[in-house]
Amino acid sequence: MRILVTGGAGFIGSHVVDRFVERGHEVAVLDNLSSGFRALVNPAARLYEADLTDAAAVERCFAEFRPELVDHHAAQIDVRRSVDDPVFDAGTNIVAALGLLQASPATASASSSTPRPAERSTARAGSCRRPRRTRSTPSRPTA
Ligand SMILES: NC(=O)c1ccc[n+]([C@@H]2O[C@H](COP(=O)([O-])OP(=O)(O)OC[C@H]3O[C@@H](n4cnc5c(N)ncnc54)[C@H](O)[C@@H]3O)[C@@H](O)[C@H]2O)c1
């Protein structure tokens, strides 16, 4: 399977890339190397050195590599920066993540296989279910 790992030059992403490569997948990494390292990128993986906030670069990567699965680990992880500059933080951690999801259907129309965007960051998208409320559900749970 062709798997695109964002943040694949970072701590978590680089280990994930190594496992995918070990299992025989074709892997590409999209990373701007802001906190990651080129040396951490598995030599079998193709590196797209690009910023997630650069929609054109993300689209180019999708058009060229045509990922079947996207595993998203790129993030602005500096807590102090997120407080000092929340707009920058949201640009990477929220807006760019949405851009990735938007880029995925473009791949679907360009290829016969179906892309499966996967979000593996701290906030997991797409699998959230509210617990069902009934008459006996306490409105203010105590424990
Ligand atoms: N490290 C942990 O213990 C831990 C625990 C739980 C969750 N997480 C989550 O895992 C994710 C990755 O964390 P990490 O510890 O590997 O961080 P990291 O900083 O090592 O990796 C993040 C990677 O994203 C890249 N990146 C940042 N902004 C980018 C952008 N705009 N465009 C392209 N690439 C960009 C960086 O260059 C880096 O390679 C984060 O969402 C983090 O919250 C990490």
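Up top is the structure these notes are about.
Report follows, based on the coordinates. This structure is a prediction, so every number in the text was calculated from the model and none was measured.

**Notes on the overall build of the protein**
If you tally the helices and strands in the protein, you get four helices and five strands. Order of helices (α) and strands (β) in the protein, N terminus to C terminus: β-α-β-β-α-β-α-α-β. Looking at the protein as a whole, 29% of its 143 residues are labelled buried. Expressed as a percentage of contacts within the protein between residues at least 6 apart in sequence, the contacts between residues at least 24 apart total 61%.

**Here we look at helix 1 (residues 11-22)**
For helix 1, which comprises 12 residues, the first-to-last C-alpha distance of 17 Å matches the rise-based estimate of 16 Å (1.5 Å per residue) to within 8%. Along helix 1, the residues that are buried comprise Gly13, Ser14, Val16, Val17 and Phe20. Angular distribution of buried residues about the axis of helix 1 spans 160°; they occupy a single face of the element. Looking at helix 1, the residues exposed on the side facing more than 90 degrees away from the buried face are Arg19 and Glu22.

**Re the pairing of strand 2 (residues 26-31)**
Among the six residues that make up strand 2, five are buried, leaving the element largely enclosed by the rest of the structure. Viewed along the sheet, the connection from strand 1 (residues 2-6) through helix 1 into strand 2 turns out right-handed. One ladder, built from four bridges, connects strand 2 with strand 3 (residues 46-49); its direction is parallel. Within the sheet, the bridge partner assigned to Val29 lies in strand 3 and is Leu47.

**Considerations on the site of the ligand**
For the ligand, the set of nearby residues contains 24 residues, the closest of which are Gly7, Gly10, Ile12, Gly36 and Ala75. Elements with a contribution of two residues or more to the shell around the ligand: helix 1 and helix 4 (86-110). No other element matches the three residues that helix 1 contributes to the shell around the ligand. Considered class by class, the residues forming the shell around the ligand number nine nonpolar, 13 polar and two charged.

**Structural notes on the environment of Ala55**
Positionally, Ala55 belongs in helix 2 (residues 55-65). Residues Ala55 and Gly99, spaced 44 residues apart in sequence, show a C-alpha to C-alpha distance of 6.9 Å.

**Some words on the environment of Gly24**
Structurally, Gly24 is set in the loop between helix 1 and strand 2. By C-beta crowding, Gly24 is classed as exposed, having 8 other C-beta atoms within 10 Å. C-alpha of Gly24 to C-alpha of Arg2: the two residues are 22 residues apart in sequence and 9.9 Å apart in space.

Calculation criteria
Residues numbered from 1 in each chain as written. Predicted model: local features only at pLDDT ≥ 70, side-chain atom pairs only at ≥ 80, totals over all residues. Helix = DSSP H or I, 4+ residues; strand = E, 2+ residues; numbered from the N terminus. Buried ≥ 20, exposed ≤ 12 C-beta atoms within 10 Å, placed from the backbone. Contact = placed C-beta atoms within 7 Å. Expected span 1.5 Å × (residues − 1). Arc of directions from axis to C-beta. Right-handed = clockwise from strand over helix to strand, strands pointing away. Pairing = 2+ DSSP bridges. Near = placed C-beta within 6 Å. Nonpolar A, V, L, I, M, F, W, Y, C, P; charged D, E, K, R; others polar.

Function cannot be read off these values alone, since they describe shape.
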